[in-house]
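Descriptive analysis of the structure
Given next are the chains, with one letter for each unit.
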Amino acid sequence: MDMQSTTGAPATDAASFLDLAITLVLNNWPALTLAVQSNWGGPTSGDKRDWLCGAISDMLKERPETDAEDLEDVLIQVMNDEFEVLVDDESAGNVALEIMEYKAQTARGEFGAIRELWEKWQQKSSQRAAATSMFKQVDTRDEDQETDDDEEDSDVEDVEMGDAPTLVRAPREKVEPEVDEDGFTMVKKKR
């Protein structure tokens, strides 16, 4: 599902609206988002998330008897197997319920809530893009400043410092212990 499109919702019928809803819900799931951003599923973490979106869509089409509990089990299993994440909060259940609600809405021909979800996603995406752009501008300015500093440093003549003196610690005189005629070692107080 190409979510980069900015020309309205890329869905035209119930099946494509449901696919869109599944994709949006899973891309908004914080546990999965963190797993993908952190590459807990390896370098193909993003592809695994996309695969999960398609797998859930296929499951709902091929097995219409699928309920929220079945879907929750799949989500937990995939997070564990593919991302090595144990989802022990209620988030997988909430995601499953949300997807099942969108499935019921699309079955009734109601697409308004999915359109709203898509519009929110687009707004967040544009905000993220703007923030990333601002970060890159600040980062570029920092690099420019570092280059200027380097140039300024090169104008300053180096001062020969010579070799630093070697610090040598004078050896302590080792005091031999005194042994009395009975073979006992005399203990002396340190000064």
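Residues numbered from 1 in each chain as written. Predicted model: local features only at pLDDT ≥ 70, side-chain atom pairs only at ≥ 80, totals over all residues. Heavy atoms only, no water.

The following threshold applies: UniProt positions are given in the numbering used here, feature names are shortened, and annotations may be inferred rather than shown by experiment.
Under an unreviewed UniProt entry, the name given to the chain is Pre-rRNA-processing protein TSR2, and the organism recorded is Penicillium oxalicum. The record held by UniProt for the chain lists under Sequence similarities (unreviewed entry) the comment "Belongs to the TSR2 family."

1. Concerning the pattern of salt bridges
Applied cut-off: By definition, a salt bridge exists where a carboxyl oxygen of Asp or Glu is found within 4 Å of a side-chain nitrogen of Lys or Arg. Secondary structure elements are taken from DSSP: a helix is a run of H or I of four residues or more, a strand is a run of E of two residues or more, and numbering for both begins at the N terminus. Burial classes follow relative accessibility: with a 1.4 Å probe on protein chains only, a residue under 20% of its type's maximum area counts as buried, one over 50% as exposed, and anything between as partly exposed.
Taken as a whole and assessed by the stated rule, the structure comprises four salt bridges. For K61, the salt bridge is made with D19, and the minimal N-O distance between the two is 3.5 Å. On the criterion of sequence distance, the pair formed by K61 in helix α3 (residues 45–62) and D19 in helix α1 (residues 14–28) is long-range, its members being 42 residues apart. Looking at K61, the relative accessible area reads 47%, which means it is partly exposed. Put simply, E110 and R108 hold a salt bridge, and the shortest N to O gap is 3.1 Å.

2. Points about a negative patch on the surface
For clarity, the cut-off: Here the term patch refers to residues with relative accessible area over 30% and no salt bridge, with like charges joined within 9 Å and nonpolar side chains (Val, Leu, Ile, Met, Phe, Trp, Tyr) within 5 Å. Residue exposure ignores everything except the shown protein chains as possible cover, and the areas themselves are Shrake-Rupley values with a 1.4 Å probe. Residues counted as positive are Lys and Arg, residues counted as negative are Asp and Glu, and His and the chain ends are not counted. Where a charge sits is defined by one atom per residue type, namely NZ (Lys), CZ (Arg), CG (Asp) or CD (Glu).
A grouping of E65, D67, E69, D70 and D73 is seen on the molecular surface, where their side chains present a negatively charged patch. The topology assignment puts E69 in helix α4 (residues 68–83).

3. Brief notes about the packing of α3 against α4
Put simply, the test is: For every element, the axis is a line fit to its C-alpha atoms; helices are fit only across the contacting stretch, and the angle between N-to-C directions ranges from 0 to 180 degrees. Roughly parallel covers angles under 35 degrees, roughly antiparallel covers those over 145, roughly perpendicular covers 65 to 115, and oblique covers all other angles. With the far helix as reference, a near helix turned anticlockwise by less than a right angle produces a left-handed crossing, and one turned clockwise produces a right-handed crossing. Here, residues are in contact when the closest pair of their heavy atoms is within 4.5 Å. Nonpolar residues are Ala, Val, Leu, Ile, Met, Phe, Trp, Tyr, Cys and Pro. Charged residues are Asp, Glu, Lys and Arg, and all others, Gly as well, are polar.
Where α3 contacts α4, the axes come no closer than 12 Å and their chain directions differ by 155 degrees. By the criterion of interaxial angle, the relationship of α3 to α4 is roughly antiparallel. The handedness of the crossing between α3 and α4 comes out as right-handed. For the pair α3 and α4, contact is made by S45, K48, R49, W51, L52, I56 and M59 and by L71, V74, L75, V78, E82 and F83, respectively. Along the lines of polarity and charge, the residues of the contact of α3 with α4 split into nine nonpolar, one polar and three charged.

4. Notes on the nonpolar core
Among soluble globular proteins, nonpolar side chains are generally buried collectively. The condition that has to hold: Definition used in this section: a nonpolar core is a set of buried Ala, Val, Leu, Ile, Met, Phe, Trp, Tyr and Cys residues joined via side-chain atoms within 4.5 Å.
If you look at the biggest cluster of nonpolar residues, it comprises 37 residues, and the most contacted ones within it are L26, W29 and L75. Of all the secondary-structure elements, those providing two or more residues to this core are α1, α2 (30–37), α3, α4, α5 (91–107) and α6 (112–155). Among the elements that line this core, the one with the most residues is α1, at eight residues. Excluding its chain neighbours within four sequence positions, the residues that come into contact with L26 are L32, R49, L52, C53, I56, L75, V95 and I99.

5. Section: the packing of α1 against α5
Remark: α1 packs on α5, axes separated minimally by 9 Å, with the N-to-C direction vectors making an angle of 165 degrees. Taken together, α1 and α5 sit at an angle that is classed as roughly antiparallel. Considering only the axes of α1 and α5, their crossing is right-handed. Between α1 and α5, the contacting residues are A14, F17, L18, A21, I22, V25 and L26 on the first element and V95, E98, I99, Y102, K103 and T106 on the second. In terms of residue class, the contact of α1 with α5 is built from ten nonpolar, one polar and two charged.

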